[in-house]
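# Structural overview for review
One letter stands for each residue in the lines below.
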Amino acid sequence: MSYLANNYNRKKISFRNGKGSYLYTSKGIKYLDFVQGIAVNCLGHAHPKLVKTIKNQSKKLWHVSNAFQIPEGEKLAKKLCKKTFADSVIFQNSGTEATEAAIKVARRYFYSIGKPFKNRILCIKNSFHGRTIAAIFASGSKKMTEGFGPKVSGFDHFIFGNHKSLKKKINKNTAAIMVEPIMGEGGIKEIPDWCLRELRKLCNKKKILLILDEVQCGISRSGDFFAFEKSRIKPDIVPIAKGIGGGFPLGAVLMNKKVATRVTPGTHGSTFGGNPLAMSIGNTIMDEVSSKKFLRNVKSLSKYFLFRLNKLKKKYPKIIKDIRGRGLLIGIQLYKDQSKFIEKLIDNKLLTIRAAENVIRILPPLNVKKKELNQSLNILEKVCKELN
Ligand SMILES: *Cc1c(COP(=O)(O)O)cnc(C)c1O
């Protein structure tokens, strides 16, 4: 009997400690962790630099109100802006708060320029932007919104890949289009570069804002610091979370100057958002994962891993339908439901997680070792053989 509510279908397995790519149960059984808290622990478990950061900062200062200056936050915001399209940052504590803040700053922008009627956000049908009341209705998923009415209005939806339905849904009330460059929960589905470029052009033409949700695919996960960078476009607003805290709850919304100048005192806030402890960790993460050298390594590991996975697909064409993804945000799409496959991987001490469309999501830490990738490939092959 558990006193935890039943909102998760939890696996009957728990861990006592972790190191790098591995998790250990209380009996010392070792698992290769290619979930990493769903793309959160970008440096794996108990990274020495993060342990040191949290130790040092915890002796100095954990939390002060945003009523005061927070130098650690100034520093992290500067790093994020210097590295990206952004001119300004608001810190939050999670992904869904970051997407909510993105929606708020987009609406506030149009309100401030005297066009308050432009307040609708256009999203992909059955996308994922988090679990708050607004974010579930942004996703337009029946499963996520069922029983949580009244419906939050202000969101329209188009079908992934259907450009006609996208253009048809833009009207005089549209404020922004919000999409994930690579849909994580949605099954590691990428928006091609040419599509992102067309999206940017469309937003320019219609004078609306482009919000790119990089909560899952951002912070070097794709092999670029942001997944959209490969397309060479610049969005207006980007919510981030997951990787930026390396396991500590941290989110943010990044925005360009045009949007940022409309954010005035009192328009948004958060008690915990941007506190010194979170900021010190974010600073260490940025120092570790945003360098060219680090990104080059993610790309090279990815190239090797995808090559080997595609070979596996060729060997087991009746099981594996598609290998998807970029960087270390990878999906193996099966022909059948993936649950049994995932269970068998766990039996063989490899942890992965499901996504939509029968996809097994593989999210190694970004500093994973090649031999750990090889270990996972051996287990994947073993399970393919068993289920063939
Ligand atoms: C995980 C995720 C969120 C929500 O993040 P939480 O921290 O769980 O609130 C939002 N958008 C995307 C794309 C995500 O992957």
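These notes cover the structure that comes with them. These numbers were taken from a predicted model, which means no experiment stands behind them.

Criteria and thresholds
Residues numbered from 1 in each chain as written. Predicted model: local features only at pLDDT ≥ 70, side-chain atom pairs only at ≥ 80, totals over all residues. Heavy atoms only, no water. Salt bridge = Lys/Arg side-chain N within 4 Å of Asp/Glu carboxyl O. Helix = DSSP H or I, 4+ residues; strand = E, 2+ residues; numbered from the N terminus. Buried < 20%, exposed > 50% of the residue type's maximum accessible area, 1.4 Å probe, protein only. Contact = heavy atoms within 4.5 Å. Pairing = 2+ DSSP bridges. Near = heavy atom within 4 Å. Polar contact = N/O pair within 3.5 Å; in protein donor to acceptor, adjacent residues only side chain to side chain. Areas by Shrake-Rupley, 256 points an atom, 1.4 Å probe, with all protein chains shown as cover. Expected span 1.5 Å × (residues − 1). Arc of directions from axis to C-beta. Axes fitted to C-alpha atoms, helices over the stretch in contact; angles between N-to-C directions. Core = buried A, V, L, I, M, F, W, Y, C linked by side-chain atoms within 4.5 Å. Patch = residues over 30% accessible without salt bridge, like charges linked within 9 Å, V, L, I, M, F, W, Y side chains within 5 Å. Lys, Arg positive; Asp, Glu negative; His and termini not counted. Charge placed at Lys NZ, Arg CZ, Asp CG, Glu CD. Parallel < 35°, antiparallel > 145°, perpendicular 65-115°, else oblique. Left-handed = near helix turned anticlockwise from the far one by under 90°.

Moving on, we come to the pattern of salt bridges. A complete count under the given rule lists 18 salt bridges for this structure. When the shortest N-O distance is used, the salt bridge between Lys79 and Asp287 registers 3.0 Å. Pair noted here: Lys79 is in helix H3 (residues 71–83) and Asp287 is in helix H10 (residues 276–289), with a separation of 208 residues, a long-range link. The shortest N-O distance in the salt bridge between Arg326 and Glu190 comes to 2.9 Å. Taken together, the positions of Arg326 in strand S13 (residues 320–326) and Glu190 in strand S9 (residues 189–190) put the pair 136 residues apart, joining distant regions of the chain. Since its relative accessible area comes to 12%, Arg326 is described here as buried. With a relative accessible area of 29%, Glu190 lands in the partly exposed category.

Pro150 follows Gly149 through a cis peptide bond whose omega is 0°. Positionally, Pro150 belongs in the loop between helix H6 (142–145) and strand S6 (155–158). A positive phi angle is found at Gln36, which is not glycine, with a value near 50°. Within the secondary structure layout, Gln36 lies in helix H1 (residues 36–39). Residue class for Gln36 comes out buried when judged on its relative accessible area of 0%. Residues other than glycine seldom take positive phi values, yet Lys207 does so here, at roughly 55°. Checked against the element boundaries, Lys207 lands in the loop between helix H8 (193–206) and strand S10 (209–212). Lys207 gets classed as exposed once you look at its relative accessible area, which sits at 62%.

Counting through the fold element by element, Gln333 comes out in strand S14 (residues 329–334). A residue is classified by how much of its surface remains accessible, and Gln333, at 8% relative accessible area, is buried. When sequence neighbours within four positions are dropped, the list of residues in contact with Gln333 reads Ile319, Ile320, Lys321, Asp322, Arg324, Glu357, Asn358 and Val359.

With that settled, consider the sheet that holds strand S3 (residues 30–33). If you walk across this open sheet you meet the 4 strands as S1-S2-S3-S15, and the pairing is mixed. Each having just a single partner strand, strand S1 (17–19) and strand S15 (350–351) make up the two edges of the open sheet. With 2 bridges joining them, S3 and S15 adopt parallel strand pairing. Bridge pairing in S15 links Leu32 to Leu350.

Moving on, we get to the site of the ligand. Within the structure, the ligand sits among Ser94, Gly95, Thr96, Phe128, His129, Gly130, Glu180, Asp213, Val215, Gln216 and Lys242. A distance of 2.8 Å separates an oxygen atom of the ligand from a polar backbone atom of Thr96. Here Lys242 contributes a side-chain N or O atom positioned 2.7 Å from an oxygen atom of the ligand. Protein contact buries 82% of the 380 Å² of open area that the ligand shows by itself.

The first and last C-alpha atoms of H3 sit 18 Å apart over 13 residues, in line with the 18 Å expected at 1.5 Å per residue. Looking only at H3, the buried set comprises Gly73, Leu76, Ala77, Leu80 and Cys81. End-on view of H3: buried residues confined to an arc of 135°, all on one side of the axis. Pointing more than 90 degrees away from the buried face of H3 are the exposed residues Pro71, Glu74, Lys75, Lys78 and Lys82. Elements in contact with the buried residues of H3: strand S4 (88–92), strand S11 (237–240), strand S12 (251–255) and H10.

We now examine the sheet that holds strand S16 (residues 353–355). Whenever strands of a sheet pair, they do so through backbone hydrogen bonds, lying parallel or antiparallel. Taking strand neighbours across the sheet as the criterion, the 4 strands line up as S13-S14-S17-S16 in an open arrangement whose pairing is antiparallel. Strands at the two margins of the open sheet, each flanked by one partner only, are S13 and S16. Averaged over all neighbouring strand pairs, the angle between strand axes comes to 30°, with direction disregarded. Taken together, the 3 bridges between S16 and strand S17 (residues 359–362) define a ladder with antiparallel strand orientation. Across the sheet, the residue bridging to Arg354 is Ile360, located in S17. The sheet contacts of helix H11 (residues 292–315) involve S13, S14 and S17, and relative to S13 the element is tilted by about 170°.

With that settled, the discussion passes to the nonpolar core. Side chains of nonpolar character tend, in soluble globular proteins, to be buried together. Membership of the largest hydrophobic core comes to 82 residues, with the highest contact counts inside it found for Leu80, Ile177 and Leu254. Among residues more than four places away in sequence, those in contact with Leu254 are Leu80, Thr84, Phe85, Ala86, Ser88, Val89, Phe226, Asp236, Ile237, Val238 and Ile240. Listed in part, the 26 residues of the second largest apolar core include Ile103, Phe110, Val253 and Ala260.

Right, let's get into a positive patch on the surface. On the surface, Lys125, Lys151, Lys164, Lys168 and Lys169 cluster together to form a positively charged patch. By the element assignment, Lys168 lies in helix H7 (residues 163–169). For Lys168, a relative accessible area of 70% puts it in the exposed group.

This brings us to the packing of helix H2 (residues 48–60) against H10. Closest axis-to-axis distance for the H2/H10 pair is 9 Å, and the angle between their directions is 150°. Comparing their axes, H10 and H2 come out roughly antiparallel. Handedness of the crossing formed by H2 with H10: right-handed. For the pair H2 and H10, contact is made by Lys49, Leu50, Thr53, Ile54, Gln57 and Ser58 and by Pro276, Leu277, Ser280, Ile281, Thr284, Ile285 and Glu288, respectively.

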